[in-house]
Amino acid sequence: MKVCFIGAGSLGFTRQLLTDIMSVPELRRAQISFTDINQQNLEMVTQLCQRDLEANGIKTKIQSTTNRREAFKDANYVINAVRVGGLEAFVGDIEIPLKYGVDQCVGDTLCIGGIMYGQRTVAAMLDFCKDMKEVCALDVLHLNYSNPNAMVTWACNHYGGVRTLGLCHGEMHGEEQIAEVLDYDHNELDFICAGLNHQTWYISIKKDGIDLCDKLLSAFEEDDYYSETEKVRIDMLRRFGYYSTESNGHLSEYLAWYRKRGDEILKWIDLSDWINGETGGYLRECREERNWFETDFPRLLSEPPHKYDGSNREGEHASYIIEALETRRQYRGHFNIVNNGCITNLPDDCIVEVPCYVDGNGISIPKVGDLPLGCAAICNQSVSVQRMAVKAAVTGDVMLLKQAALLDPLTGAVCNPPEVWQMVDEMLIAQVQWLPQYKKQIEAIKKDWDKAASQNKLIPPKDYKGAARLQERTVAERRAFRQNMEEE
C-alpha cells in the first residue's frame, strides 16, 4: 500500500498526517511519497518526518521528489493539501478586493477570494487527475484537503474522473463547541451535520435519543467566551434555528449581511484570534507561520521526535479513512461527496458534506433527506456560485466567472456590476501565471485595461484597508505565541 502526499511542503499538516497514519500499527509498512514544487520546504519537511520514522523504529524511507508523476506512481491514496500560487497569489485574493470594499477574513471558499482561488486550484487539479489516472493504482482514492474544498472536489469528480473525498475539520470543531456549551462530554452526543463544506448545519444533536437543538441558542448566548467570539454564528442560529459548522470569520464572508458595511464589521467579529473575523486574518497567520518555519527549522530538529504510539494522533479524517479501508475497522465521519440524492433539496451534482461510514466494504453514505428550508436556501445560493465558478475554471469562460462573482452573496452586496467586472479583470491580470485556461483572454483584458487607464476611465479604487487589520507579528513574537499555545 502506498500513500502519496501532494503539497507536502506544508510542515504542520504533512507531519501530523504522517504521524496519524503511522500511529496505526497495520499501516506502518506503507510506502510513503512526498511531492511539492517548493524544493526547500519539501526537503525540510522530509528531513523532520524521516527523523520521526527512524526514532520510532520504522524502516520506511520517504520518497521525496518534485516530480509529481514519480510520487504518484502506484499510489493507492493521494492526500492533497496544495495551495496553488502560494502566498503570492493569496495576497491578491485579499488585497485587490479591499480596493473595491470587499472585506474578507479568509477568502478561500466563497466570496471573490474563494472564487479566484478556485480558478487557480481547479486548473491544477485537472492536471493532477490526469496524472493520477495514468500512473496511480487503478483504485486510487484522492483525499482532498485543498480549498475551496467543495469546488475542488466537484471538479475532480465530475471533470477529472478521479474518485475524490473532500475532507475538513470544521465540523469536528463545532461538535466540540456544542458539547462544551451544553456541558456534556463530546462522546455522549450524537450529531447529524449536513450541508455544504463550511456551510454545514447541525440538524440533529441527540443525547440518549433526545434532541437538544432547542437548547443551543440560550447556551451560546449565556456563554461568556462564545457570546463574544461567535456573534455571527449565534445570530444565524437565532434567525435560522440551526448552528453552522464554520468559524465566525469564515461564516461572516459567505453571507451578504455581516461584512458589507465597513463601519459595522467590528460589531460582528472578535480580534482575539484571526479566525473570529480579522480582515485578512488567515493571510497574516500564513505569513507569520512561513517566516517562523524558515527561521526556526534548526530548532525544530532539536525538539523530540513525534511518537507513533497513538499519543500524538489527532482527529483529522484521512488516517481513519485509510485505517478503516485497510483493516475493516469502522469509522464514522462527515465528508464531502457528490450529493446524488443524499440531501434531497440540494442538486444531485453538487458536493455536500454529510455523515459517512467507512469499513472494509468501502464508503457508505446514508440518506439525510431535506435540510430545513432556510438552511437549504443559503446552501442553494452557494451551489449556484460554485457550479458556475467550477465550469468557468474548467472552460476558461470569463463571462461565467464574472457572473459567479456577481451572484456571490457578499461580493454582490458590496459591489455593483461594473465594479465586479473591473475587480475580476484586475485579479485575472494579477494572477495570470496561475491561470493557464484564461491566458488568451487575459491578454485582451490587459490591453483594454491599459487603454482605459490611459484615458482615466477605470473606476477609482476605494481608500479602504479593511475594518479590522492587525499588524503582522515578528518571528520572535510568533515563536512566543506558539510556545504559549503549546503550554496551554
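You'll find the structure just up there.
Residues numbered from 1 in each chain as written. Predicted model: local features only at pLDDT ≥ 70, side-chain atom pairs only at ≥ 80, totals over all residues. Heavy atoms only, no water.

Visitor: Report on the overall build of the protein chain, specifying residues and quantitative values.
Guide: Helix and strand counts for the protein chain come out as 20 helices and 12 strands. For the protein chain, the residues scored as buried account for 57% of the 488 residues in total. A fraction of 69% describes how many contacts in the protein chain between residues 6 or more apart in sequence connect residues 24 or more apart. Within the structure as shown, the protein chain displays about 20,400 Å² of accessible surface, and the carbon and sulfur contribution to it stands at 48%. Counting 53 positive and 72 negative side-chain charges, the protein chain places the centres of these two groups 6 Å from one another. (Helix = DSSP H or I, 4+ residues; strand = E, 2+ residues; numbered from the N terminus. Buried < 20%, exposed > 50% of the residue type's maximum accessible area, 1.4 Å probe, protein only. Contact = heavy atoms within 4.5 Å. Areas by Shrake-Rupley, 256 points an atom, 1.4 Å probe, with all protein chains shown as cover. Lys, Arg positive; Asp, Glu negative; His and termini not counted. Charge placed at Lys NZ, Arg CZ, Asp CG, Glu CD.)

Visitor: An account of the pairing of strand S8 (residues 199-207) is needed here, citing residue identities and associated values.
Guide: If a strand is regular, its side chains alternate between the two faces of the sheet. Within S8, seven of the nine residues are buried, leaving the element largely enclosed by the surrounding structure. In this structure, strand S7 (residues 190-196) lies alongside S8, joined through seven bridges in antiparallel fashion. In the sheet register, Leu-196 faces S8, and the bridge partner there is Gln-199. Inspection of the sheet shows S8 paired to strand S9 (residues 210-211) by two bridges, in the antiparallel sense. Bridge pairing in S9 links Lys-206 to Asp-211. The hairpin formed by S8 and S9 contains two residues between the paired strands, and Asp-208 there has a positive phi angle of roughly 55°. (Pairing = 2+ DSSP bridges.)

Visitor: So what's going on with the packing of helix H16 (residues 398-407) against helix H18 (residues 417-430)? Residues and values would help.
Guide: Helix packing for two helices is described by the angle between their axes and how far apart those axes are. Packing of H16 against H18 brings their axes to within 10 Å, and their N-to-C directions diverge by 125°. In terms of orientation, H16 and H18 fall into the oblique class. For H16 against H18, the interelement crossing comes out right-handed. On H18, the residues that touch Val-398, Met-399, Leu-401, Lys-402, Gln-403, Ala-405 and Leu-406 of H16 are Pro-417, Val-420, Trp-421, Val-424, Asp-425 and Leu-428. Its residues placed into classes, the contact of H16 with H18 shows 10 nonpolar, one polar and two charged. (Axes fitted to C-alpha atoms, helices over the stretch in contact; angles between N-to-C directions. Parallel < 35°, antiparallel > 145°, perpendicular 65-115°, else oblique. Left-handed = near helix turned anticlockwise from the far one by under 90°. Nonpolar A, V, L, I, M, F, W, Y, C, P; charged D, E, K, R; others polar.)

Visitor: How would you summarise unusual backbone geometry if you had to cite specific residues and measurements?
Guide: Most peptide bonds take the trans configuration, and most residues that are not glycine carry a negative phi. Each neighbour pair has its own omega, and for Asn-147 with Pro-148 the value is -5°, a cis peptide bond. With respect to the helices, strands and loops of the structure, Pro-148 is situated in the loop between strand S5 (141-144) and helix H6 (149-158). The residue His-198 is not glycine, and still its phi comes out positive at about 70°. Following the sequence through the fold, His-198 ends up in the loop between S7 and S8. For His-198, a relative accessible area of 3% corresponds to the buried category.

Visitor: So what's going on with the environment of Asp-296? Which residues, and what values?
Guide: Among the structural elements, Asp-296 can be located in helix H13 (residues 281-302). Put simply, Asp-296 and Ala-476 are 180 residues apart on the chain and 9.7 Å apart in space, counted from C-alpha to C-alpha.

Visitor: So what about the packing of aromatic side chains? Which residues, and what values?
Guide: Throughout the structure, instances matching the rule amount to 15 aromatic pairs. Ring centres of Trp-274 and Tyr-282 lie 5.0 Å apart, and the angle between their planes is 35°; on these two criteria the pair is classed as tilted. Its relative accessible area of 25% is what places Tyr-282 among the partly exposed residues. Three or more aromatic residues joined by ring pairs form one cluster here, namely Phe-191, Tyr-202, Phe-220, Tyr-225, Tyr-226 and Tyr-243. Against the face of Phe-90 rests Arg-83, its NZ or CZ located 4.1 Å from the ring centre. Lying over the aromatic face of Trp-292, Arg-482 brings its terminal NZ or CZ to 3.6 Å of the ring centre. (Phe/Tyr/Trp six-rings, centres within 6.5 Å; stacked < 30°, edge-to-face > 60°. Lys NZ or Arg CZ within 6 Å of the ring centre and 35° of its normal.)

Visitor: Give a description of the pattern of salt bridges that names residues and reports values.
Guide: Any two side chains of opposite charge can pair, on the condition that their charged atoms come close. Within the structure shown, the criterion is met by 36 salt bridges. Across the pair Lys-207 and Glu-188 runs a salt bridge, and its minimum N-O distance is 3.8 Å. Of the two residues, Lys-207 is situated in strand S8 and Glu-188 in the loop between helix H7 (170-182) and S7; the sequence distance between them amounts to 19 residues. Taking relative accessible area as the criterion, Lys-207 reaches 18% and is therefore assigned buried. Glu-289 serves as the salt-bridge partner of Arg-482, at 2.3 Å between the closest nitrogen and oxygen. With Arg-482 in helix H20 (residues 475-487) and Glu-289 in helix H13, this residue pair connects regions lying 193 residues apart in the sequence. The exposure class assigned to Arg-482 is partly exposed, which follows from its relative accessible area of 23%. Among the charged side chains, a network of salt bridges with common partners joins Glu-278, Arg-284, Glu-285, Glu-288, Glu-289, Arg-473, Arg-478 and Arg-482. (Salt bridge = Lys/Arg side-chain N within 4 Å of Asp/Glu carboxyl O.)

Visitor: Describe the pairing of strand S10 (residues 331-338), naming the residues involved and giving the relevant values.
Guide: Taken across its eight residues, S10 has seven buried, putting it largely inside the fold. In the sheet, S10 pairs with strand S11 (residues 351-359) via eight bridges, with the strands oriented antiparallel. Its bridge partner being in S11, His-334 is matched across the sheet by Pro-355.

Visitor: Explain the environment of Ala-404 to me, using residue names and the numbers behind them.
Guide: Tracing the backbone shows Ala-404 in helix H16. Classification of Ala-404 as buried rests on a relative accessible area of 0%. Between the C-alpha atom of Ala-404 and that of Glu-88, which follows or precedes it by 316 residues, the distance is 23 Å. Leaving out residues up to four positions away in the same chain, Ala-404 has contacts with Ile-115, Val-385, Met-388 and Ala-389.

Visitor: I'd like a description of the nonpolar core, backed by residues and values.
Guide: General note: in soluble globular proteins, nonpolar side chains tend to be found buried as a group. Phe-5, Leu-18, Phe-34, Ile-79 and Leu-428 are the most contacted members of the largest nonpolar core, which has 103 residues in total. With residues near it in sequence (within four places) discarded, Leu-18 still touches Phe-5, Ile-32, Phe-34, Cys-49, Leu-53, Ile-62 and Tyr-308. In this structure, Ala-75, Val-82, Phe-128 and Cys-156 belong to the second largest nonpolar core, which totals 19 residues. (Core = buried A, V, L, I, M, F, W, Y, C linked by side-chain atoms within 4.5 Å.)

Visitor: So what's going on with helix H14 (residues 317-327)? Residues and values would help.
Guide: An α-helical segment advances 3.6 residues per turn. Residues three or four places apart therefore align on the same side. Looking at H14, one finds that the buried residues are His-317, Ala-318, Ser-319, Ile-321, Ile-322, Glu-323 and Ala-324. One or two positions beyond H14, positive phi appears at Arg-328, with a value near 75°.

Visitor: So what about H16? Which residues, and what values?
Guide: Residues of H16 that are buried include every one of Val-398, Leu-400, Leu-401, Lys-402, Ala-404 and Ala-405, and no others. Buried-residue contacts for H16 involve helix H5 (111-135), helix H15 (373-395), helix H17 (409-414), H18 and helix H19 (439-454). Looking at where H16 begins, the residue whose side-chain oxygen comes 3.1 Å from the main-chain nitrogen of Met-399 is Asp-397. (Polar contact = N/O pair within 3.5 Å; in protein donor to acceptor, adjacent residues only side chain to side chain.)

Visitor: So what about the packing of helix H4 (residues 86-98) against H5? Which residues, and what values?
Guide: Packing of H4 against H5 leaves a shortest axis separation of 9 Å and a crossing angle of 150°. When the axis of H4 is compared with that of H5, the two are roughly antiparallel. Between H4 and H5 lies a crossing whose hand is right-handed. Contacts between H4 and H5 pair Ala-89, Phe-90, Asp-93 and Pro-97 from the former with Ile-112, Gly-113, Met-116, Tyr-117 and Arg-120 from the latter. Along the lines of polarity and charge, the residues of the contact of H4 with H5 split into six nonpolar, one polar and two charged.

By themselves, these figures tell us nothing about what the structure is for.
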